[in-house]
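What follows is the residue order along each chain.
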Amino acid sequence: MDLAYIPSPSTGVIHLGPIPLRGYAFCIIIGVFVAVWLGNKRWIARGGTAGTVADIAVWAVPFGLVGGRLYHVITDYQLYFSEGENWVDAFKIWEGGLGIWGAIALGAVGAWIGCRRRGISLPVYADVIAPGIAFAQAIGRWGNWFNQELYGKPTDVPWALKITEGPNREAGLYHPTFLYESLWNVAVGFLVIWADRRFKLGHGRAFALYVAAYCSGRVWTEALRVDEAHHILGLRLNVWTAIIVGLLAVLYFVISAKVRPGREEIVEPRAEKAAEKTDAVEGAEATGEADATEAVEDRADGPEDEDRETDDNGADHSAGSAAKG
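Residues numbered from 1 in each chain as written. Predicted model: local features only at pLDDT ≥ 70, side-chain atom pairs only at ≥ 80, totals over all residues. Heavy atoms only, no water.

A. A look at a nonpolar patch on the surface. Nonpolar side chains collect at one region of the surface, where Leu-235, Ile-243, Ile-244, Leu-247, Leu-248, Leu-251, Ile-255 and Val-259 lie side by side and expose about 740 Å² of accessible area between them. By secondary structure assignment, the location of Ile-243 is in helix α9 (residues 237-259). Here Ile-243 falls in the partly exposed class, since its relative accessible area comes to 31%. (Patch = residues over 30% accessible without salt bridge, like charges linked within 9 Å, V, L, I, M, F, W, Y side chains within 5 Å. Areas by Shrake-Rupley, 256 points an atom, 1.4 Å probe, with all protein chains shown as cover. Salt bridge = Lys/Arg side-chain N within 4 Å of Asp/Glu carboxyl O. Helix = DSSP H or I, 4+ residues; strand = E, 2+ residues; numbered from the N terminus. Buried < 20%, exposed > 50% of the residue type's maximum accessible area, 1.4 Å probe, protein only.)

B. Region of interest: the confidence of the model for the protein. Of the residues in the protein, 82% have a pLDDT of 70 or more, and the chain-wide mean is 85. Between residues 302-306, whose pLDDT stays under 50, and residues either more than four places distant or in other chains, the model counts zero contacts. Taken together, the stretch residues 313-325 has pLDDT below 50 and engages in zero contacts with residues farther than four places along the chain or on a different chain. (pLDDT = per-residue confidence, 0-100. Contact = heavy atoms within 4.5 Å.)

C. Inspection of the packing of helix α5 (residues 122-140) against helix α8 (residues 205-224) at higher detail. Interhelical geometry of α5 versus α8 gives an angle of 25° and a closest axis separation of 7 Å. Taken together, the axis directions place α5 and α8 in an arrangement best described as roughly parallel. Seen along the crossing, α5 lies across α8 with a hand that is left-handed. Seen from α5, the contacting residues are Ala-126, Asp-127, Ala-130, Ile-133, Ala-134 and Gln-137; seen from α8, they are Arg-205, Ala-206, Phe-207, Tyr-210 and Tyr-214. Class assignment of the residues belonging to the contact of α5 with α8 gives a composition of eight nonpolar, one polar and two charged. (Axes fitted to C-alpha atoms, helices over the stretch in contact; angles between N-to-C directions. Parallel < 35°, antiparallel > 145°, perpendicular 65-115°, else oblique. Left-handed = near helix turned anticlockwise from the far one by under 90°. Nonpolar A, V, L, I, M, F, W, Y, C, P; charged D, E, K, R; others polar.)

D. The packing of aromatic side chains, seen in detail. Counting across every chain of the model gives 13 aromatic pairs. With a centroid separation of 4.6 Å and an interplanar angle of 40°, the aromatic rings of Tyr-151 and Tyr-174 are classed as tilted. Residue Tyr-151 is located in the loop between α6 (142-147) and β3 (161-163), and its partner Tyr-174 is located in strand β4 (residues 172-174); the two are separated by 23 residues in the primary sequence. Pair check on accessibility: Tyr-151 and Tyr-174 agree, each one buried. One aromatic cluster is present, formed by Trp-101, Phe-207, Tyr-210 and Tyr-214 through successive ring pairs. (Phe/Tyr/Trp six-rings, centres within 6.5 Å; stacked < 30°, edge-to-face > 60°.)

E. Here's a closer look at α9. Compared with the 33 Å implied by 1.5 Å per residue over 23 residues, the 33 Å span of α9 between its first and last C-alpha is a close match. Here α9 has its buried residues at Asn-238, Val-239, Thr-241, Ala-242, Gly-246, Ala-249 and Ser-256. Residues of α9 that are buried sit in contact with α2 (52-75), α4 (100-118), α8 and β6 (235-236). (Expected span 1.5 Å × (residues − 1).)

F. Spatial organisation of the side chain of Arg-218. Its place among the elements puts Arg-218 in helix α8. Residue classification places Arg-218 among the buried positions, given a relative accessible area of 5%. Non-local contacts of Arg-218, meaning those with residues more than four positions away in its chain, are made with Ile-100, Trp-101, Arg-141, Glu-181, Arg-225, Asn-238 and Ala-242.

G. Examining α8 more closely. With 20 residues, α8 extends 30 Å between its outermost C-alpha atoms, agreeing within 8% with the 28 Å of an ideal straight helix rising 1.5 Å per residue. Where α8 bends most, at Arg-218, the angle is about 25°. Of all 20 residues that make up α8, 15 are buried, and the element is covered over most of its length. (Bend = angle between axes of the 7 residues up to and from the residue.)

H. Up close: the nonpolar core. Grouped together as the largest cluster of nonpolar side chains are 34 residues, with contacts concentrated most on Trp-43, Trp-101, Tyr-125, Val-192 and Tyr-210. Looking at this core, the elements with two or more residues in it are α2, α4, α5, α7 (177-199), α8 and α9. For this core, the element with the highest residue contribution is α8, accounting for eight residues. Aside from chain neighbours lying at most four places away, what touches Trp-43 is Gly-48, Thr-49, Thr-52, Val-53, Ile-120, Val-124, Tyr-125, Val-128, Val-267 and Glu-268. Residues Tyr-151, Leu-161, Ile-163 and Phe-178 belong to the second largest nonpolar core, which totals eight residues. (Core = buried A, V, L, I, M, F, W, Y, C linked by side-chain atoms within 4.5 Å.)

I. Fine view of the side chain of His-72. Here His-72 lies in helix α2. Using a relative accessible area of 13% as the deciding quantity, one classes His-72 as buried. When neighbours within four sequence positions are excluded, His-72 is seen to be in contact with Leu-79, Tyr-80, Gly-96, Gly-97, Leu-98 and Gly-99.

J. Region of the structure containing the environment of Leu-98. Examined against the element boundaries, Leu-98 turns out to sit in the loop between α3 (78-81) and α4. Placed 31 residues apart in sequence, Leu-98 and Gly-67 show a C-alpha to C-alpha distance of 8.2 Å. Once residues within four sequence positions are removed from consideration, Leu-98 is found in contact with Tyr-24, Ile-28, Leu-65, Gly-68, Arg-69, His-72 and Ile-93.

The following block contains the structure:
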């Protein structure tokens, strides 16, 4: 008799009247909220304005969801396009199936679009949002618990996950790989926060650290899984992906530290300019100038306007001399 184990929920859906609340989708939504909330705090601490992270996330999140689903469907196409399967199920994202590799790749495209619209460097945004992504993944993994998926090998450890009989699964006690990866992601998030504060990481290196640390954990959690997957040279496809992506992240970190050491001082140029203009206006008002705004604008115009005035005065003087002659 098993004295201890982690039970699985009897259902992944709770109905509020006619409205179904799916545990998988709920975990994804909470994860996105946490990532944006933490990213906003970190962005403000770096000198940016409130709301910028959320504005860019409006682009990054939809792209990320599409990318994550595409990666899953492409790498596990047999679940949807083989004989006896219904291809329409490929669109049922609430039933589980998001590949983090596709989510990050296409999510970065969305973030790039959002950053360009606001004149912000993508590496800066990536550094700020990195720990939030790790925490979002930690929360999102609990969606797999609701769906009773992505568990590991059979085990009798006290923290084993109890899986009930269902489509494509056998009842039993298994390693809770969703829990292992969730805890690992929490550790990665705190690691990035600590390293960023300690070493002032910049130019995308905080994000690279997150990627490298996540991949190192994904290798061993992926090795525990027993669900169907494609293998290359005896290793699961996601293991190879984690190794390659992790090594690329380490390479980027090392090269970036040599080529672009230090950290960006300004994260949001438009906000910086607006703040400088506000300070100038307040300074002008403090000195008792009659029209502070006009004075600031005159200062902002710089030498070019002074030269133009000199030229105009010179032209007027010449015209006057010619008239007198």
